[in-house]
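# Architecture at a glance
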Amino acid sequence: MTPEPPAKPEDTTSGTDVPDPALGPLPGSAGMAAEASPGGDPMGRRRWVRRAAPPKRRLSLILAELAEDGTRERISVADLVQILQARAFGALLLVFALPNVLPAPPGTSGILGLPLLYLAAQMMLGIRPWLPPFISKRSMLREDFAALITRVTPILERAERLLVPRLPALSSPTAERIVGGLCLVLAIVLVLPIPLGNMLPAFAICLIALGILERDGVWILAGSATGLAALLIVYAVVYAMIKAAMFVIFNAF
């Protein structure tokens, strides 16, 4: 009888896992993690399981943690920019616009209103958020900031539950630059001493900022419509004031 050929020895020199369709995608894929095969694989292979990415921290939580930071005596504009810069313009516009919608401690509007001009202009130009020192060094007591965040947090949390990614075309870089131009006009109106020229433009910027923050085109669209309506209302108020002033001047002399 012809002897059988000896069995081919198992190759153990490569030191790498053997691709097997039954074990899922190869190592190195995004969102994959290695786990030991249940029951013990005689070849020592690992099963690659997709794990969900950690959830993004809510803006309301980040602001609450900053307000509760006992190591800070004051909260400056630079602190807000540094903490929120990774979340781009959405978070920064929202933080500086929302206090202009609600009653706030004296001086808050002067601290948080002017940065909107710079941020909206930079958003329109598509450049990195940056504020000059005479704005970034402005600050408020941490207690005042905490009181402001306490009033803002319930509104922000309700809005965050409604935000979902929709209409991605409205949150594209090109669309953001167009919306940045509208925010710049609204910010200019906001800082001017015009009746009804503070709350409505700030509210429109808040809606737009929330939409940008969570890539929700519906909120961006709603904020843009609110902004255009606010500009019409402000225009009507200014026109009425000019007409009233001209009437008084012409009838007084």
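Residues numbered from 1 in each chain as written. Predicted model: local features only at pLDDT ≥ 70, side-chain atom pairs only at ≥ 80, totals over all residues. Heavy atoms only, no water.

On to the packing of helix α1 (residues 59-67) against helix α7 (residues 142-162), then. Packing of α1 against α7 leaves a shortest axis separation of 9 Å and a crossing angle of 165°. Taken together, the axis directions place α1 and α7 in an arrangement best described as roughly antiparallel. The two elements α1 and α7 cross, and the hand of that crossing is left-handed. Here L59, S60, L63, A64, L66 and A67 of α1 come into contact with α7, specifically with R142, F145, A146, I149, T153, L156, E157 and E160. By residue class, the composition of the contact of α1 with α7 is nine nonpolar, two polar and three charged. (Axes fitted to C-alpha atoms, helices over the stretch in contact; angles between N-to-C directions. Helix = DSSP H or I, 4+ residues; strand = E, 2+ residues; numbered from the N terminus. Parallel < 35°, antiparallel > 145°, perpendicular 65-115°, else oblique. Left-handed = near helix turned anticlockwise from the far one by under 90°. Contact = heavy atoms within 4.5 Å. Nonpolar A, V, L, I, M, F, W, Y, C, P; charged D, E, K, R; others polar.)

Turning our attention to the confidence of the model for the protein. Taken as a whole, the protein shows an average pLDDT of 76; of its residues, 71% reach a score of 70 or greater. Of all secondary-structure elements in the protein, the lowest mean pLDDT belongs to strand β1 (residues 32-36), at 47, while helix α8 (residues 173-191) reaches the highest, 90. Across residues 10-37, where pLDDT falls below 50, the model places 39 contacts with residues more than four positions away in sequence or in other chains. (pLDDT = per-residue confidence, 0-100.)

Grouped together as the largest cluster of nonpolar side chains are 54 residues, with contacts concentrated most on L59, L84, L93, F96, L116 and F145. Looking at this core, the elements that each hand over two or more residues are α1, α2 (77-84), α3 (88-97), α5 (114-125), α7, α8, α9 (199-213) and α10 (217-252). Setting aside chain neighbours within four positions, we find F145 in contact with L63, L66, A67, I75, L80 and M140. (Core = buried A, V, L, I, M, F, W, Y, C linked by side-chain atoms within 4.5 Å. Buried < 20%, exposed > 50% of the residue type's maximum accessible area, 1.4 Å probe, protein only.)

Let's shift gears to the packing of α5 against α8. Running from amino to carboxyl end, α5 crosses α8 at an angle of 160°, the nearest separation of the two axes being 7 Å. The pairing of α5 with α8 is recorded here as roughly antiparallel in orientation. When you trace α5 past α8, the crossing you get is left-handed. Contacts between α5 and α8 involve L116, L117, A120, A121, M123, M124 and L125 from the former and E176, R177, V179, G180, G181, C183, L184, A187, I188, L190 and V191 from the latter. Its residues assigned to classes, the contact of α5 with α8 shows 14 nonpolar, two polar and two charged.

Okay, a nonpolar patch on the surface next. On the surface, a nonpolar cluster with roughly 420 Å² of combined accessible area is contributed by I242, M246, I249 and F250. Tracing the sequence through the fold places I249 in helix α10. (Patch = residues over 30% accessible without salt bridge, like charges linked within 9 Å, V, L, I, M, F, W, Y side chains within 5 Å. Areas by Shrake-Rupley, 256 points an atom, 1.4 Å probe, with all protein chains shown as cover. Salt bridge = Lys/Arg side-chain N within 4 Å of Asp/Glu carboxyl O.)

Those residues of α1 that sit buried are L59, S60, I62, L63, L66 and A67. The arc that holds the buried residues of α1, viewed along the axis, is 165°, so those residues lie on one side. (Arc of directions from axis to C-beta.)

Moving on: unusual backbone geometry. Although it is not a glycine, L167 sits at a positive phi angle of roughly 45°. Within the element layout of this structure, L167 appears in the loop between α7 and α8. Using a relative accessible area of 44% as the deciding quantity, one classes L167 as partly exposed.

With the rule as written, the count across this model stands at four salt bridges. Between D79 and R72 there is a salt bridge whose closest N-O contact spans 3.5 Å. By relative accessible area, which is 15% here, D79 ends up buried. Its salt-bridge partner being D216, residue R166 comes within 2.7 Å of it at the nearest N-O pair. Placement of the pair is R166 in the loop between α7 and α8 and D216 in the loop between α9 and α10, with a sequence separation of 50 residues. One continuous salt-bridge network, built from bridges that share partners, spans D69, R72 and D79.

The next subject is the side chain of Q122. Secondary-structure assignment places Q122 in helix α5. At 2.5 Å, the side chain of Q122 and the backbone oxygen of W130 are in polar contact. Sequence-distant contacts of Q122, that is, excluding residues within four places in its chain, are made with F89, I127, R128, P129 and W130. (Polar contact = N/O pair within 3.5 Å; in protein donor to acceptor, adjacent residues only side chain to side chain.)

Once that is clear, we can look at the packing of aromatic side chains. Per the stated rule, a full pass over the model turns up two aromatic pairs. Look at Y118 and F134: their rings are 6.3 Å apart centre to centre, the planes differ by 70°, and that puts the pair in the edge-to-face class. With a gap of 16 residues between them, Y118 in helix α5 and F134 in helix α6 (residues 133-136) connect regions that are remote in the sequence. Ring geometry for Y235 and Y239: centres 6.3 Å apart, planes at 25°, overall stacked. (Phe/Tyr/Trp six-rings, centres within 6.5 Å; stacked < 30°, edge-to-face > 60°.)

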